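Each chain, written out:
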Amino acid sequence: MLRSANIGPISYRQLLARFGTASAALGALPMLAARGGGRAPVIADPALVRREIATVERLGARYVFLGDPDYPALLAELETAPPALILRGDLGLAHRTCIAMVGARNASAAACRFARQLALGLADAGVTVVSGLARGVDTAAHIGAIGGGTIGVIASGIDVTFPPENRELQERVATEGLLLAEQPPGTEPLARFFPSRNRIIAGLAVGTVVVEAAPKSGSLITARLAAEAARDVMAVPGSPLDPRAQGCNLLIREGATLVQSVDDILEMVRPIDPRAVRAPAHGFEGPPPEDASDADRRVVTGLLGPVPVSVDELIRQSGLAPAVVQTVLLELELAGRLERHAGARISRID
């Protein structure tokens, strides 16, 4: 079901909560998509799925599924938690206290050195450092933490390296730490996959540290996703004369915690015990399904437009029960007429 068109993490969970099994959900797709005003999404070819599973095994990787006992508990808290992850390495690292460390790809030498020192200190303290294996700060963070525990989350398939110069580092992370991918093997790192990768980085960690970042950068997206998930956001201050530091200074002005040392970070996260968080052992729970009427669909569709709006605002303005609104949104998404954005916001696709 997950590899079928128009089915994302949210619709995946809603379908299983409503129909109980993947086979029952797949059987209902034509009906739901027709109600949303579109054709039924293309269902993944079982032969292609079997080939993917064989490829994952051949690469020495394996899957972990949302609902499995060993699925990372903090990540499972996200509404958009990936239904399946492909991994190589020690999944136990994701069950320790994790700190995400992100920053500029074109980072200064000083920022890279500081990120490496921070990561080394965190790893020595038993904290797992999570980053995205990108150039600059990400690379420095992985290098600093490689001996004590690091997780690399990539926007490509588990067998694809980006950037190419990090091939050796990515292999070290996979063999000495943990490498995670949401995309199937062979997937190239397209631009639209990076925000999805960033939500995993933020979701795995109790807090995110931004070392150096421009005002409009992927690092600030990761920080925003961490804040939306009620996780700590920390930033290393920089010179106001350096454009690469403006993003961090902006985060601090907006309420992020200023950190200048490993002790500052540990002071933030030490009271949090990730073992107290438990991912669901099995099943998918949700509110009882409520079918929407044609009038309900007209109300919800009429409130939607090309500008993203929060689901909560849509429920408030529609005056409908949340379960009814979610049913209409599910139908629209399966019909290819709905786009989901960060922060539980949605927009209509015309």
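The structure contained in this document is the topic of the report that follows. (Residues numbered from 1 in each chain as written. Predicted model: local features only at pLDDT ≥ 70, side-chain atom pairs only at ≥ 80, totals over all residues. Heavy atoms only, no water.)

Put simply, Phe 162 and Pro 163 share a cis peptide bond, and its omega is 0°. Locating Pro 163 in the fold gives a position in the loop between strand S5 (150-154) and helix H7 (167-176). If you check the backbone angles, Ala 230 has positive phi at about 65° while not being a glycine. For Ala 230, the position within the fold is in the loop between helix H9 (218-228) and strand S8 (232-235). (Helix = DSSP H or I, 4+ residues; strand = E, 2+ residues; numbered from the N terminus.)

Let us now look at the sheet that holds strand S11 (residues 338-341). The strands making up a sheet associate through hydrogen bonds between their backbones, and the pairing can be parallel or antiparallel. Across the sheet, which stays open at both edges, the three strands sit in the order S10-S12-S11 with antiparallel pairing between neighbours. The open sheet terminates on both sides in strands that have one partner only, identified here as strand S10 (309-310) and S11. Relative to strand S12 (residues 345-348), S11 runs antiparallel, the two sharing four bridges. Note that in S12 the partner of His 341 across the bridge is Arg 345. Sitting on the sheet, helix H14 (residues 322-334) touches S11 and S12, and the angle it makes with S11 is about 110°. (Pairing = 2+ DSSP bridges. Contact = heavy atoms within 4.5 Å. Axes fitted to C-alpha atoms, helices over the stretch in contact; angles between N-to-C directions.)

Let us now look at H14. Look at H14: 18 Å from first C-alpha to last across 13 residues, which is about the 18 Å you get at 1.5 Å a residue. Among the 13 residues that make up H14, 11 are buried, leaving the element largely enclosed by the rest of the structure. For H14, the secondary structure elements touched by its buried residues are helix H1 (9-19), helix H2 (22-35), helix H12 (294-303), helix H13 (311-318), S11 and S12. Positive backbone phi, at 80°, marks Gly 336, one or two positions downstream of H14. (Expected span 1.5 Å × (residues − 1). Buried < 20%, exposed > 50% of the residue type's maximum accessible area, 1.4 Å probe, protein only.)

Right, let's get into the packing of aromatic side chains. Overall, the coordinates contain two aromatic pairs when judged by the stated rule. Ring centres of Tyr 63 and Phe 65 lie 5.5 Å apart, and the angle between their planes is 15°; this geometry places the pair in the stacked category. By relative accessible area, which is 18% here, Tyr 63 ends up buried. Between Phe 162 and Phe 194, the ring centres sit 6.3 Å apart and the planes meet at 65°, which makes this aromatic pair edge-to-face. With Phe 162 in the loop between S5 and H7 and Phe 194 in helix H8 (residues 193-204), this residue pair connects regions lying 32 residues apart in the sequence. (Phe/Tyr/Trp six-rings, centres within 6.5 Å; stacked < 30°, edge-to-face > 60°.)

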